[in-house]
Amino acid sequence: MNDKSSQVIDTMARKCIVGRMRLMNRVITGLYDSALRPLGVKASQFNILVVTGQLGLARPAEVCSILRLDTSTLSRNVERMRTQGWLEIVPAEDARAQPFRLTEQGRLLLEQCAPAWERAQQGAEELLGEEGMTLLDKLARKLGLPMS
């Protein structure tokens with residue numbers, strides 16, 4: 001490898017935004033996954049359950065839009081959570097739409113998740129610090145994310 005290639009690779013390794021964001025995502029997701037693991041829930045599933053709880057009747061396209069998920073990822077997760085008894089498919093005129101909602105078991109699970117979520121949330125806030133949290137909120141607003 002020549003010096004120019006080495007410099008380019010070094011610069012990409014140190015400054016690549018996508019790489020740094022993915023690493024940060026894995027660190028923060030790990031906090032939530034660890035906290036939620038005893039309840040049998042992953043952070044990705046938890047997010048879908050929360051959005052479903054907010055919407056009441058969740059339409060896949062809307063959930064995908066809110067969480068920035070592709071349809072196959074949502075479909076796979078919904079099927080797993082349906083099998084667990086946390087979500088139920090609601091019959092619709094258009095069978096392709098497949099709206100879903102929390103079951104009673106899903107609502108109880110979210111209630112049970114609250115203390116674990118609070119611990120993970122506190123850990124993430126401590127890790128990021130006040131300045132990091134402020135920057136995170138500012139960035140979320142700038143990107144037009146619904147959580148901001």
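Residues numbered from 1 in each chain as written. Predicted model: local features only at pLDDT ≥ 70, side-chain atom pairs only at ≥ 80, totals over all residues. Heavy atoms only, no water.

K.L.:
Sorry if this is basic, but what is going on with the overall build of the protein chain here?
P.N.:
Secondary structure summary: the protein chain contains 6 helices and 2 strands in total. Starting at the N terminus and ending at the C terminus, the protein chain contains elements arranged as α-α-α-α-α-β-β-α. Its C-alpha radius of gyration of 19 Å places the protein chain more than 25% over the 15 Å reference for a compact globule of 148 residues. When the backbone C-alpha atoms are referred to their principal axes, the protein chain occupies close to 60 × 35 × 30 Å. Considering the protein chain as a whole, with its 148 residues, one finds that 25% of them fall into the buried category. Looking at the protein chain alone, contacts between residues at least 24 apart form 53% of all its contacts between residues at least 6 apart. Here the protein chain contributes 20 positively and 17 negatively charged side chains, and the mean placements of these two sets differ by 7 Å. (Helix = DSSP H or I, 4+ residues; strand = E, 2+ residues; numbered from the N terminus. Rg over C-alpha atoms; globule rule 2.2 N^0.38 Å. Buried < 20%, exposed > 50% of the residue type's maximum accessible area, 1.4 Å probe, protein only. Contact = heavy atoms within 4.5 Å. Lys, Arg positive; Asp, Glu negative; His and termini not counted. Charge placed at Lys NZ, Arg CZ, Asp CG, Glu CD.)

K.L.:
Mind showing me how you'd approach helix α2 (residues 17-36) here?
P.N.:
Since there are 3.6 residues in each turn of an α-helix, residues three or four apart along the chain are aligned in direction. Relative to the 28 Å expected for 20 residues at 1.5 Å per residue, α2 spans 28 Å between its end C-alpha atoms, a close match to the ideal helical length. On the buried face of α2, the contacting elements are α3 (43-55) and α6 (104-142). (Expected span 1.5 Å × (residues − 1).)

K.L.:
Explain the nonpolar core here, please?
P.N.:
Nonpolar side chains tend to gather and get buried jointly when the protein is soluble and globular. Within the largest apolar cluster, 26 residues are counted, with the highest numbers of intra-cluster contacts made by Val41, Leu49, Val63, Leu74, Leu87 and Phe100. Breaking this core down by element, the ones donating at least two residues are α2, α3, α4 (60-67), α5 (71-84), β2 (100-102) and α6. Among the elements that take part in this core, α6 stands out by supplying 6 residues, more than any other. Discounting residues that sit within four places of it in the chain, Leu49 has contacts with Met81, Trp86, Leu87, Leu102, Leu109 and Leu110. (Core = buried A, V, L, I, M, F, W, Y, C linked by side-chain atoms within 4.5 Å.)

K.L.:
Please clarify how a nonpolar patch on the surface should be interpreted in this entry.
P.N.:
Nonpolar side chains collect at one region of the surface, where Ile17, Met21, Met24, Leu139 and Leu143 lie side by side and expose about 500 Å² of accessible area between them. The element that contributes the greatest number of residues to the nonpolar patch is α2, accounting for 3 residues. Its place among the elements puts Ile17 in helix α2. (Patch = residues over 30% accessible without salt bridge, like charges linked within 9 Å, V, L, I, M, F, W, Y side chains within 5 Å. Areas by Shrake-Rupley, 256 points an atom, 1.4 Å probe, with all protein chains shown as cover. Salt bridge = Lys/Arg side-chain N within 4 Å of Asp/Glu carboxyl O.)

K.L.:
In this structure, what is going on with the pattern of salt bridges? I would like to understand it.
P.N.:
Counted according to the given criterion, the structure contains 3 salt bridges. Arg82 is the partner of Glu79 in a salt bridge, and the nearest nitrogen-oxygen pair spans 2.6 Å. With Glu79 and Arg82 both in helix α5 and 3 residues apart, this pair spans about one turn of that helix.

K.L.:
Sorry if this is basic, but what is going on with α4 here?
P.N.:
Within the span of α4, buried status applies to Val63, Cys64 and Leu67. With its buried residues spanning 100° around the axis, α4 presents them on a single face. Tucked into the core, α4 has its buried residues touching α3, α5 and β2. Two residues or fewer past α4, Arg68 is found with a positive phi of approximately 55°. (Arc of directions from axis to C-beta.)

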